[in-house]
Each structure stands twice: as C-alpha cells, then as structure tokens.
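# Inside the fold
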Amino acid sequence: MSFTLHGLAVSPGIAIGQVSLVSHATLEVAQYHVSERGIEAEVARFDAALAAVRLDLGALKLEAGVSPGAPAELSAFVDLHAMILSDPLLTEVPKRLIRERRCNAEWALVQQLGQITAQFDEIEDAYLRERQHDIVQVVERVVKVLLGHRRRIGKRGREEDLIIVAHDLSPADTIQFKQLNIAGFVTDLGGATSHTAIVARSLGIPAVVGLQHARALVEEDELVIVDGVRGVMIVGPDERVLEEYRLRKAQLELERSKLKRLKSARAVTLDGQEIELAVNIEMPQDIDKVKEVDAAGIGLFRTEFLFMNRDDLPGEDEQFEAYRSVVKALPGKPVTIRSLDLGADKTARSLREGGRVEPNPALGRRAIRFCLTEPQIFLAQLRAILRASHYGRVRLLVPMLAHAHEIAQTLVLLDQAKSELRDARVKFDERMEVGGMIEIPAAALALGPFLDKLDFLSIGTNDLTQYTLAIDRTDDAVAYLYDPLHPAVLRLVEMTIAAGRRAGIPVAVCGEMAGDPALTRLLLGMGLRQFSMNPAQLFEIKQRVMQSDCSVLRGRVQRLLRQDDPLRVFEQLAKMNAA
Ligand code: PEP
Ligand code: MG
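Residues numbered from 1 in each chain as written. Chains lettered and ligands numbered in written order. Predicted model: local features only at pLDDT ≥ 70, side-chain atom pairs only at ≥ 80, totals over all residues. Heavy atoms only, no water.

Okay, the overall build of the protein chain next. Broken down by element type, the protein chain carries 24 helices and 16 strands. Taken over the C-alpha trace, the protein chain has a radius of gyration of 25 Å; the compact-globule value for 579 residues is 25 Å, and the two agree within 12%. For the C-alpha atoms alone, the extent of the protein chain along its principal axes is close to 75 × 70 × 45 Å. Burial status across the protein chain gives 54% buried among its 579 residues. Partitioning the intrachain contacts of the protein chain with sequence separation of at least 6 by distance along the chain shows that 69% fall at a separation of at least 24. By element, 53% of the accessible surface of the protein chain is carried by carbon and sulfur atoms, the whole surface being about 25,300 Å². Side-chain charges in the protein chain split into 72 positive and 80 negative, and the spacing between the mean points of these groups amounts to 7 Å. (Helix = DSSP H or I, 4+ residues; strand = E, 2+ residues; numbered from the N terminus. Rg over C-alpha atoms; globule rule 2.2 N^0.38 Å. Buried < 20%, exposed > 50% of the residue type's maximum accessible area, 1.4 Å probe, protein only. Contact = heavy atoms within 4.5 Å. Areas by Shrake-Rupley, 256 points an atom, 1.4 Å probe, with all protein chains shown as cover. Lys, Arg positive; Asp, Glu negative; His and termini not counted. Charge placed at Lys NZ, Arg CZ, Asp CG, Glu CD.)

This part is about the packing of aromatic side chains. Throughout the structure, instances matching the rule amount to two aromatic pairs. A ring pair is formed by Phe 320 and Tyr 391, whose centres lie 6.0 Å apart and whose planes are at 50°; its orientation type is tilted. Here the residue Phe 320 occupies a position in helix α12 (residues 316–329), and Tyr 391 occupies one in the loop between α15 (375–389) and β12 (393–398), the gap between them amounting to 71 residues. Given the relative accessible area of 34%, Tyr 391 is considered partly exposed. When the ring centre of Tyr 391 is taken as origin, the NZ or CZ atom of Arg 324, which lies over that ring, is 5.0 Å away. When the ring centre of Phe 320 is taken as origin, the NZ or CZ atom of Arg 387, which lies over that ring, is 4.2 Å away. (Phe/Tyr/Trp six-rings, centres within 6.5 Å; stacked < 30°, edge-to-face > 60°. Lys NZ or Arg CZ within 6 Å of the ring centre and 35° of its normal.)

Inspection of every chain in the model, using the stated rule, returns 29 salt bridges. The salt bridge partner of Glu 243 is Arg 246, with a shortest N-O separation of 3.3 Å. Of this pair, Glu 243 and Arg 246 both sit in helix α10 (residues 239–259), three residues apart, which is roughly one turn of that helix. Counted as one network, the salt bridges with shared partners bring together Glu 304, Arg 338, Asp 341, Arg 366, Asp 463 and Arg 473. (Salt bridge = Lys/Arg side-chain N within 4 Å of Asp/Glu carboxyl O.)

Look at α10: 30 Å from first C-alpha to last across 21 residues, which is about the 30 Å you get at 1.5 Å a residue. Structurally, α10 contributes buried residues whose contacts are with β3 (14–21), β7 (223–227), β8 (232–235) and α22 (538–546). (Expected span 1.5 Å × (residues − 1).)

Turning our attention to the nonpolar core. In this structure, Ile 298, Leu 522 and Phe 531 are the most contacted members of the largest nonpolar core, which totals 124 residues. The element contributing the most residues to this core is α15, with eight residues. Among the nonpolar cores identified, the runner-up in size contains 30 residues, and Phe 46, Val 53, Val 138 and Leu 146 belong to it. (Core = buried A, V, L, I, M, F, W, Y, C linked by side-chain atoms within 4.5 Å.)

Of the protein atoms, only Glu 439 (OE) and Asp 463 (OD) coordinate the magnesium ion (ligand 2), at distances of 2.0 to 2.1 Å. You can see Glu 439 sitting in the loop between β13 (433–438) and α17 (441–445) and its partner Asp 463 sitting in helix α19 (residues 461–469), a full 24 residues away along the chain. By relative accessible area, which is 2% here, Glu 439 ends up buried. (Donors = N, O, S within 2.8 Å, 3.2 Å for Na, K, Ca; no water.)

A few words now on helix α20 (residues 487–503). In this model, α20 (17 residues) spans 24 Å end to end at C-alpha, consistent with the 24 Å of a helix rising 1.5 Å per residue. When α20 is considered as a whole, its buried residues turn out to be Pro 487, Val 489, Leu 490, Leu 492, Val 493, Glu 494, Thr 496, Ile 497, Ala 498, Ala 499 and Gly 500.

Turning next to the site of ligand 1. The local shell around ligand 1 holds 17 residues, among which Arg 302, Arg 338, Gly 460, Asn 462 and Arg 473 are the closest. Within the backbone of Asn 462, one N or O atom sits 2.8 Å away from an oxygen atom of ligand 1. In isolation ligand 1 has 290 Å² of accessible area, and contact with the protein removes 100% of it. The cavity that encloses ligand 1 is the second largest cavity. For the shell around ligand 1, the elements supplying multiple residues, two or more each, are α8 (195–203), β10 (298–302) and α19. At three residues, the largest contribution of residues to the shell around ligand 1 is made by α19. When the residues that make up the shell around ligand 1 are grouped by side-chain class, the tally is four nonpolar, five polar and eight charged. (Near = heavy atom within 4 Å. Polar contact = N/O pair within 3.5 Å; in protein donor to acceptor, adjacent residues only side chain to side chain. 1 Å grid on protein atoms, 1.4 Å probe; cavity = no way out; pocket = protein on both sides within 12 Å on 5 of 7 lines; lining within 4 Å. Sits in = over half its atoms within 2 Å of the grid points. Nonpolar A, V, L, I, M, F, W, Y, C, P; charged D, E, K, R; others polar.)

In spatial order, the strands read β1-β8-β7-β3-β4-β5-β6-β2; together these eight strands make up an open sheet with mixed pairing. The sheet is open, and its two edges are formed by β1 (3–6) and β2 (8–11), each paired on a single side. Neighbouring strand axes in the sheet, compared pairwise and without regard to direction, differ in orientation by 30° on average. In the sheet, β7 pairs with β8 via four bridges, with the strands oriented antiparallel. By the bridge assignment, Ile 225 is partnered in β8 with Ile 234. Taken strand by strand, α8 contacts β2, β5 (182–187) and β6 (207–209), and its axis lies near 50° from that of β2. Taken strand by strand, α10 contacts β3, β7 and β8, and its axis lies near 115° from that of β3. (Pairing = 2+ DSSP bridges. Axes fitted to C-alpha atoms, helices over the stretch in contact; angles between N-to-C directions.)

In this structure, Ala 367 takes a positive phi of about 55° despite not being glycine. Structurally, Ala 367 is set in the loop between α13 (349–353) and α14 (368–373). Backbone geometry at Met 400 places phi at a positive 60°, although glycine is not the residue there. As for its placement among the helices and strands, Met 400 is situated in the loop between β12 and α16 (404–423). On the basis of relative accessible area, Met 400 is assigned to the buried category, the value being 1%.

Turning to its location among the elements, Thr 461 is positioned in helix α19. Beyond its immediate sequence surroundings of up to four residues, Thr 461 is in contact with Tyr 482, Val 493, Val 509, Gly 511, Glu 512 and Met 513.

Here we have eight strands rolled up into a closed barrel, ordered β9-β10-β11-β12-β13-β14-β15-β16, and parallel in their pairing. For this sheet the average axis-to-axis angle between neighbouring strands, irrespective of direction, equals 25°. Pairing geometry for strand β9 (residues 276–281) and β10, over three bridges, is parallel. Paired with Val 279 across the bridge in β10 is Ile 298.

Further remarks concern empty space enclosed by the protein. The final tally for this structure, using the stated rule, is four cavities of 30 Å³ or more. Within this model, the largest cavity holds a volume of roughly 80 Å³. Those elements giving two or more residues to the lining of the largest cavity turn out to be β9, β10, β11 (334–338) and β16 (530–533). With three residues, the single largest contributor to the lining of the largest cavity is β16. Classifying every residue of the lining of the largest cavity gives five nonpolar, six polar and two charged. Approximately 70 Å³ is the volume found for the second largest cavity. Surrounding the second largest cavity, 14 residues form its lining, Arg 302, Arg 338, Met 437, Glu 439 and Asn 462 being those nearest its centre. Looking at the lining of the second largest cavity, the elements with two or more residues in it are β10 and α19. Across the lining of the second largest cavity, the residue classes tally to three nonpolar, four polar and seven charged. (Points joined across faces, edges and corners; volume = space filled by probe spheres on them.)

Here it is in structure tokens:
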C-alpha cells in the first residue's frame, strides 16, 4: 500500500531508496550491512566490547570494595549489571542477528534490547519492571564501547540508496552521515533551522523533518521517496509515481550541474556591487566542498562539531591542527573561526557527563556563556585559533554575546592567551580580527559596545529568529511559528546592517537566511554585502545576486520594512522576487 507523509522540507533534492530504521531514544545507532567476509570480525568486535565492559565493571567493583566512602549499594549494583551482562539474551542473540541479517553489532544489540524491553512492559511487578533501566544502562555501556570503535560504511553497494528514518536525530548523529553514504533522511521531530537540518543541507542530502509518525509507520528496507523540496515522504510508491520522481530527480540534478558553470563568475549585481559569498563549515573535511564552489572564504566555522561524538575533549594541539589545515587549504582567503557554541541541541558527551552542559538550555549557559565559565577550555581554544592565525587570514567570531561585560571578558581572555603564546615564543597574528555574532535581540538593539570593541559582526538569523519570536528552533510543534520574515526579525537585521555601515564595521549574515535564494534580494536591499551559507547553496545565491539591482531594491525593501503585517511582507517580497 502506498501512502504519503507530510513534514517540513529542510534540505532540497529527491532521494529514492530503501529505509534504514534508526532506533529510538538514547540508543540511536545507524544500521549498516556487513559483507559476508566481515561477519566473523563483526562478531569478534561485539565480543571485545562485552569483554571491555566486563573489565570496567570488575574495576568498579574493586573500587567499591576498597574505597571507604563508596555507598554500600554500589557493590550490589555492579553485581547486578555483571549478571545482566552475562545473560545469553544479550550476549548470544545479537550475534545470531549479526550473522543472520549481516548487520553491525551495535544495531543488532539495540534491536535485541527493543525485544527485551517490550516484554518488560508487560510485567505487573513494579520492582521487576524497573529492572529494565538497568538493562538499558548495561546496553548503553556496550554500545558506547562499540561506537568508540565504529567502522565506516564503505562507498559502495546498497548504502548508496539508504534512507535513514529516525524518531529524532541529534546534530552529533547527523554529522556522522558525512562519513557514510546516505541518500536522504527523515525524522519525526525537528525544526527547519535545527542543527540537524543545517547539517543535512551542508551534506547536500534531501531531508524532511517533523513527519510525526514516520518511524512507526515504515518498515525496514521499504522503498520510499524523500522529496526535500515539497517536504513529503512517499512510502511504497507505485511505478507511475516512481517514474515521475526519477524524472524530477534527473531534472534537479541537471539544473544543479548547470549552476556549476557559475563557479568562475564574479558575484556582482547588475548595478556593479561586488558581493562576498562565503561559506559555513562544520568540520575540516568540508574543505573540498568549499573549493568546489570557489567560495570567497569561510564566514563561519562551527567548531563545536569537533567536540562531538567523542568521550574526551579535543586538546589545544588537536584543535590547532584542525584549524591550520583549513587555513592552509585557503591561502589568502579569510577563515572565520567561531569559538565554541555548545549547548541547546549541540552537546558534547564529555561535558554532558560532567554536568557541565545541561540538556537543552536554549536560554541557558550555552556558547560564550559556557566558555566564560570554563576559562581553561576557552583559553585552550583561543590559543589554538591564534596559533592557526600565523598560517593565513584567521578571524575569531564569538557567539551569543548580549552584554558589554561579556565582550570585555572575552577580550581579556584573548589577551591572556596571546601573552601565554608570546611567553612560549609561539607565533600568531597580533592583529587577528575579532567579531561578534548578533543573534540575541538585545545585542541588535544595543549595538554600541559591539561597534566600539569589535572588528566585524555576523548576524546569526537562526538564533535571532528563535529568540525574537520565542520559538525553539528544534521543536516541530511550534515550527509553523518560526518565521524569519516576521517584521520584528527583519527590522533587527536591517538595523544591524545599517548601524554597521554607519560605523564602518563590516556586517555579514551567516544564518540560514543567507543561503535562501528567496531572501537574497531582500538582504541586498537592506544593504547586506557579505553572505555566508552552506556550500551547496552558493551557486544559486550567486545567480540571484547577478540578476539583482541594489539601486532598485533599496527603496522597495524600505517600504517592505514598514509593514507590520507578515502577509503583506510576504506579498511584497514575492513581487520583488518576480520582477
Ligand atoms: C545562527 O544562529 O544563525 C547561526 C549561524 O549559528 P548556529 O546556527 O550555529 O546557531
Ligand atoms: Mg546561532
């Protein structure tokens, strides 16, 4: 039976492929197929993970025995977990699944956990029912070890047509798709500018989020179409629909490849305004995509992704190598490295477990607030960025600033990092520029300290929209209210651009608005001359720039900004885009 599910289109394109279900809850792991020859190695990897957890538990038990302060229950708790770990339901059945289904060990284990916990739900005895938490914890331990040694899906075979279907995916899960060959993905939850959606766009793979019940309604290996333009997933399409979509897919690919011809064209408007089109990246590996589109530079390097999917923190040297590799790959071009923006939907395992980043504090201690309360982590990153500045044109960008004292404290710590490097006779660019993100309404409304103390500004329209409208950008339940075209958001963007121009401080936009061709003319009319976006969007934006005339747009945008009714804003924008 064929049916269609509707959600939010977050990454354009069309994917046709087979479903790979990703498990729900904390234990979301990807499934991949293991070749016939690799099966015994996969089983051995599973056994090694079990052995590692047994060793860990043994060490814990020893500690509980010798440490005078250890609670009495600890020893019993460790015994219980060791007992669970030796149950054939957890040790043998997953191995059977690996062999029968030729799947990866972590997926087999999580599937088996699903079976076990479903049986627990039926148990009447509350004490026994509660024991399922212990089983989940034991499985989590094993999965953690397995993920630490995760192998990558190769570039061949069935994986080319894999469509990931998940209840929810964190940005940390999604970034791992960069190493895998995923054709598309859909999730039940999520908003259009959640980092999961942003990562999907940067991967250039079609994605639809907020489908509500997709995870429950589709089956493993089922054939589906993901339409990332219209925001739908078609399950079990018939031959006629398939044919139509194959055609549309081919057309989209043709249009995309035609746009590649713009690579060497200059981004200049009809009235001769030179526009800077830079890109946003998450990982040093993204540099190939940056070169493919010949971007003017990097307008936003989201360094927090270096901190994800690992149990430790990247040290100063490791960070330095990562930043330097990007800088050296783009000689002469600016590389804007943003200091750590952890928090909200972006979390690092190593910090979460220490209780240092609370879950989902969109209004909490994220980004610069976190860095200023963890000066050692911040200083290590500042030194790494400064060291990389010796190799090219590095600029430091600080997220989530709202208060003058946050700017002042950041600059004090930067001075400290500089003097530490000077003392160690390590070279860096003494004049490295420092900029601030304007993504909190308070910052846009009280720009004085930003203009006085910083060298450049970059407007983060994703968060600016979230905080202006009080809409959690990751929450699909309120996604219909998330509107970057709300007059209040537009006025804050325009005010920031105008104030920067008056003060002679360059202003860029690095939020998702910059990569939306429907908004290019609007931003040009506001006076914006620096855009930073996902590399996949650059050619389309360049085409739009080349078809626009800033001298005409200015007056039109001023009129549009006077509208209080979002519907009128939308109408005027549509007219402006049609002209
Ligand atoms: C933004 O908020 O617009 C932005 C570019 O930063 P991020 O999406 O990483 O929060
Ligand atoms: Mg932001």
